[in-house]
Amino acid sequence: MSDTGHTNATDWAGPAHGLLSGRSVLVTAAAGTGIGFSTARRAAEEGARVAISDRHERRLAESVDELERLTGTRPLGVPCDVTDQVQLDHLMDTVAAEFGGIDVLVNNAGLGGTAAVQDMTDDQWDSVLSVTLTSTFKATRSVLRHMIPAGKGVIVNNASVIGWRAQKGQAHYAAAKAGVMALTRCSALDVAEHGIRVNAVSPSIALHAHLAKVTSDELLAQLAAQEAFGRAATPWEIANVIVFLASDYSSYMTGEVVSVSSQHP
């Protein structure tokens, strides 16, 4: 087993323990190489029946094939634009019908960007808030149509340490992630009486191939240097915490935002 401070953590996910055996898990925005894909893979390895969604149909299909190759089980793939309530309702209904319900929803969708607040356009603000915050609300509302009658369920949202701290050029993304944190805390109280838990993870930087393509080496190095271990997290290291929050190991936790970073208040 490698120490979490070692750079070879990239290649380590840890042994499976059947934490999600028999559960149905839906992960949004799970196509590609990031946290969503790693969470879907980890959930499958932990015994879950997995569904993934993404608005990019080609990448979604490729990810379904790759997850089957890696885990030996084929996930359900459902195309979905998480900003569209009709598509979200279709996604939830399709997964619930296929699996006989939805035990866990991981709200992973998010959209970034960089713009100084004085130069930011309405479209830049609206698009980041729509994908990152409003879609989390809409997906939560949609899945609760299935979880509340069942009297059980877990929702895990993907927040960010930027919801706690300031970063130049990130007013829209920081506002959206702070909103995800507040939504997590408040919705947890709304649905506790129905046996449903709502928590969030708050990563800083989780390095994967797509992020490396769209982010400068200078910024990646700067963000990594701010971390206690002097490196970025791997998607696996975030996925493992998401699986913990989805499992019965966190049965008394709700309304919590768990930092997966040394950068928190």
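Summary of the structure given here. (Residues numbered from 1 in each chain as written. Predicted model: local features only at pLDDT ≥ 70, side-chain atom pairs only at ≥ 80, totals over all residues. Heavy atoms only, no water.)

**Some details on the overall build of the chain**
Point 1. When helices and strands are tallied, the chain shows eight helices and seven strands.
Point 2. In terms of overall dimensions, the chain has C-alpha extents of about 45 × 45 × 40 Å along its principal axes.
Point 3. When contacts within the chain are restricted to residue pairs at least 6 apart in sequence, long-range pairs at least 24 apart make up 74% of them.
Point 4. Accessible surface for the chain amounts to roughly 12,400 Å². Of this, 53% is attributable to carbon and sulfur atoms.
Point 5. Distance between charge centres in the chain, computed from 20 positive and 28 negative side chains, equals 2 Å. (Helix = DSSP H or I, 4+ residues; strand = E, 2+ residues; numbered from the N terminus. Contact = heavy atoms within 4.5 Å. Areas by Shrake-Rupley, 256 points an atom, 1.4 Å probe, with all protein chains shown as cover. Lys, Arg positive; Asp, Glu negative; His and termini not counted. Charge placed at Lys NZ, Arg CZ, Asp CG, Glu CD.)

**What about helix 3 (residues 85-99)?**
For the α-helix, the turn length of 3.6 residues means that residues three or four positions removed from each other point alike.
Point 1. When the terminal C-alpha atoms of helix 3 are compared, their 21 Å separation across 15 residues agrees well with the 21 Å that a helix rising 1.5 Å per residue should span.
Point 2. Among all positions of helix 3, only Gln85, Leu88, Leu91, Met92, Val95, Ala96 and Phe99 are buried. Taken down its axis, helix 3 places every buried residue within 120° of arc, on the same side. Facing away from the buried side of helix 3 by more than 90 degrees, the exposed set consists of Val86, Ala97 and Glu98.
Point 3. Elements that come into contact with the buried residues of helix 3 comprise strand 1 (24-27), strand 2 (49-54), strand 3 (76-79), strand 4 (104-107) and helix 4 (122-150). (Expected span 1.5 Å × (residues − 1). Buried < 20%, exposed > 50% of the residue type's maximum accessible area, 1.4 Å probe, protein only. Arc of directions from axis to C-beta.)

**Section: the side chain of glutamate 46**
Point 1. Mapped onto the elements of the fold, glutamate 46 is located in the loop between helix 1 (35-45) and strand 2.
Point 2. Sequence-distant contacts of glutamate 46, defined by excluding residues within four places in its chain, comprise Pro15, Ala16, His17, Gly18, Leu19, Leu20, Ser21 and Val243.

**Details of the sheet that holds strand 4**
Point 1. Strand order in the open sheet formed by seven strands is 3-2-1-4-5-6-7, and the pairing between neighbours is parallel. Of all strands in the sheet, those with a lone pairing partner are strand 3 and strand 7 (257-260), marking the two edges. Neighbour to neighbour, the strand axes of the sheet diverge by 20° on average, direction disregarded.
Point 2. Where strand 2 and strand 3 come together, four bridges link them in parallel fashion. Across the sheet, the residue bridging to serine 53 is valine 78, located in strand 3.
Point 3. Lying on the sheet, helix 2 (residues 57-71) is in contact with strand 2 and strand 3; it crosses strand 2 at an angle near 160°.
Point 4. Packing against the sheet, helix 5 (residues 171-191) makes contact with strand 5 (153-158), strand 6 (196-203) and strand 7, and its axis sits at approximately 160° to strand 6. (Pairing = 2+ DSSP bridges. Axes fitted to C-alpha atoms, helices over the stretch in contact; angles between N-to-C directions.)

**Topic: the environment of threonine 121**
Point 1. Positionally, threonine 121 belongs in the loop between strand 4 and helix 4.
Point 2. Placed 20 residues apart in sequence, threonine 121 and glycine 101 show a C-alpha to C-alpha distance of 41 Å.

**Considerations on the pairing of strand 4**
Looking along a regular strand, one sees the side chains alternate between the two faces of the sheet.
Point 1. Side chains of strand 4 alternate between two faces, with Val104 and Val106 and Leu105 and Asn107 buried alike.
Point 2. Direction of pairing for strand 1 relative to strand 4: parallel, over a ladder of three bridges. What sits directly across from valine 27, in strand 4, is valine 106.
Point 3. Examined bridge by bridge, strand 4 and strand 5 share four bridges and lie parallel to one another. Residue pairing for strand 5: leucine 105 is matched across the bridge by isoleucine 155.
Point 4. Each parallel crossover has a hand, and the one from strand 4 via helix 4 to strand 5 is right-handed. (Right-handed = clockwise from strand over helix to strand, strands pointing away.)

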